[in-house]
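The residues making up each chain are set out below.
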Amino acid sequence: MKVIVDNKIPYIREAVEQIADEVVYLSGSGFTAGNVRDADALVIRTRTRCNRELLEGSKVKFIATATIGFDHIDVDYCREAGIEWQNCPGCNAGSVEQYLHSVLLLLKRRKGMRLEDTCLGIVGVGHVGSRVERMARSLGLRVLLNDPPRADRGEAGFVDLSVLARECDMITFHTPLNRNGKYDTFHLADAGFFAELQRKPLIINTSRGEVIETLALLDALKTGRISDAVIDTWENEPDINLELLQQVFLGTPHIAGYSADGKSNATRMALEALCRFFHLQADFKIVPPALPPMTYSSDPEEAFLQVYDPTRDSDALKRHPEEFERLRGNYPLRREIVSSAIGGGRETIF
Ligand SMILES: NC(=O)c1ccc[n+]([C@@H]2O[C@H](COP(=O)([O-])OP(=O)(O)OC[C@H]3O[C@@H](n4cnc5c(N)ncnc54)[C@H](O)[C@@H]3O)[C@@H](O)[C@H]2O)c1
Ligand SMILES: O=C(O)[C@H](O)[C@H](O)COP(=O)(O)O
């Protein structure tokens, strides 16, 4: 079996080389029709568009994407061509929760936001959104949830987007990018959405850039219809809107999911899917490397931000927006540590 693997997927080499007869590593954008033609399977990230142009006439039977999102896979074409695929549901949801948790602490410290007086709206309450909900409630925020697919399945506890627009001081997006159908999310936040907002909320996007219409967001920022924004996912990555980048409180290069824990989950799940598809024994361990010991502050919030402060990623991108892909590609994967594990005294962990 010949497998082509994205060369930025961490912790994968030893395991995949045991599983496959031949392994070729390529950059995400380096997958071409020519070099996938004789491959049986691809293990990719968001940077490889899997569509007719790439796959027609190839031997590829299976694609594993080591990511939660799968909007880079043309699922209709794959069905037509008989190509199976698998994403890694929930693999890095903990990492996005960590990112949001740090953002809330920064808003409290730097903008004086009183979290217990803040109403947070969560749009899309799946693997990530439900973790964000729990974390935000534990910090004392009031939370409103919007998830029409879940509401339509008869689940309770959801409200319309118009209620979030009326009541929320902060709105965070956690939907997939659906480009059509009843639950289309392409430009879900458009000029009409921003016009409805009553409380000048802060907008957070860690889902997919295309869920928010960039120019409408920029206009809402300039006209004061929203108070600020935290943006990790952008339209047209890596050629992002530079004016928006310089205006937002935090602008990061699509790294909310980049913890070592999330990446190792993704690698393990992608290889398990590959083994299931080809009926092979899944006999490997994927473990993130241990990090050197560190000493943490006795203040739990300070310690949480020592573990991960998105300001450093935002400052790096604002200084060098042209390095969007390099900042992602060479990212020093962080660890996910919950604040309860590091509170209560100066301690050394890892
Ligand atoms: N920035 C990052 O690094 C990063 C990391 C992980 C995931 N993501 C992205 O975050 C998003 C959420 O991931 P997830 O694992 O929670 O996905 P998920 O599929 O588990 O949950 C998505 C939720 O959105 C809901 N939804 C679908 N259409 C909707 C609509 N029109 N309006 C409101 N809700 C809708 C679904 O019912 C579901 O509950 C995805 O776009 C994923 O690609 C980004
Ligand atoms: O969908 C996901 O899992 C995330 O967006 C993930 O962080 C994307 O990472 P990439 O594949 O671009 O490295």
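Computed from a predicted model, the values in this text were never measured in an experiment.

(A) Summary view of the site of ligand 1. Taken together, 30 residues surround ligand 1, and among them N92, H127, V128, D147 and T175 come closest. One of the side-chain nitrogen or oxygen atoms of R208 is found 3.2 Å away from an oxygen atom of ligand 1. The fraction of the free accessible surface of ligand 1 (860 Å²) that becomes covered by protein chains is 89%. Here the shell around ligand 1 takes 3 residues from helix α7 (residues 148-152), the largest share from any one element. Within the shell around ligand 1, the residues separate by chemical class into 10 nonpolar, 15 polar and 5 charged.

(B) Broad picture of the pairing of strand β2 (residues 22-26). Both strand β1 (residues 2-6) and β2 contribute to a ladder of 5 bridges, which runs parallel. Each bridged residue has a counterpart across the sheet, and for V3 the counterpart in β2 is V23.

(C) Fine view of the packing of aromatic side chains. Under the defined criterion, the tally for this structure stands at 7 aromatic pairs. Both rings, one in F70 and one in W85, keep their centres 4.8 Å apart while their planes meet at 40°; by these two values the pair is tilted. Of this pair, F70 sits in the loop between β4 (62-65) and α4 (75-81) while W85 sits in strand β5 (residues 84-86), and the two are 15 residues apart along the sequence. On the basis of an interplanar angle of 75° and a centroid distance of 5.6 Å, the ring pair of Y258 and Y331 is categorised as edge-to-face.

(D) Spotlight on the UniProt feature "domain: D-isomer specific 2-hydroxyacid dehydrogenase catalytic" (unreviewed entry) in the protein chain. Using the residue numbers shown here, the UniProt feature "domain: D-isomer specific 2-hydroxyacid dehydrogenase catalytic" (unreviewed entry) corresponds to residues 32-279. Between the end C-alpha atoms of residues 32-279 the distance is 27 Å, and the span holds 39% helix and 14% strand.

(E) Spotlight on unusual backbone geometry. Between E237 and P238 the backbone carries a cis peptide bond, its omega angle lying at 0°. Turning to its location among the elements, P238 is positioned in the loop between β10 (228-231) and α11 (242-247). For K200, which is not glycine, the phi torsion reads 50° and is therefore positive. Here K200 shows up in the loop between α9 (191-196) and β9 (202-205). Even without being a glycine, H254 presents a positive backbone phi close to 55°. Tracing the backbone through its elements, the reader meets H254 in the loop between β11 (250-251) and α12 (260-277).

(F) Quick peek at the domain arrangement of the protein chain. For the protein chain, the assigned domains read domain 1 (2-87 + 259-277) and domain 2 (93-251). If you average the C-alpha positions of domain 1 and of domain 2, the two centres end up 30 Å apart. Taken together, the contact pairs 6 residues of domain 1 with 6 residues of domain 2. Between domain 1 and domain 2 lies a buried interface of about 530 Å² when both sides are counted; carbon and sulfur atoms form 43% of it. The interface formed by domain 1 and domain 2 contains 2 salt bridges. For the pair domain 1 and domain 2, the interface holds 3 residue pairs in polar contact (both at pLDDT 80 or more).

The rules behind the values
Residues numbered from 1 in each chain as written. Chains lettered and ligands numbered in written order. Predicted model: local features only at pLDDT ≥ 70, side-chain atom pairs only at ≥ 80, totals over all residues. Heavy atoms only, no water. Near = heavy atom within 4 Å. Polar contact = N/O pair within 3.5 Å; in protein donor to acceptor, adjacent residues only side chain to side chain. Areas by Shrake-Rupley, 256 points an atom, 1.4 Å probe, with all protein chains shown as cover. Helix = DSSP H or I, 4+ residues; strand = E, 2+ residues; numbered from the N terminus. Nonpolar A, V, L, I, M, F, W, Y, C, P; charged D, E, K, R; others polar. Pairing = 2+ DSSP bridges. Phe/Tyr/Trp six-rings, centres within 6.5 Å; stacked < 30°, edge-to-face > 60°. UniProt positions renumbered as here; feature names shortened; annotations may be inferred. Domains from an automatic or database assignment. Contact = heavy atoms within 4.5 Å. Buried area = accessible area lost by both parts, 1.4 Å probe. Salt bridge = Lys/Arg side-chain N within 4 Å of Asp/Glu carboxyl O.

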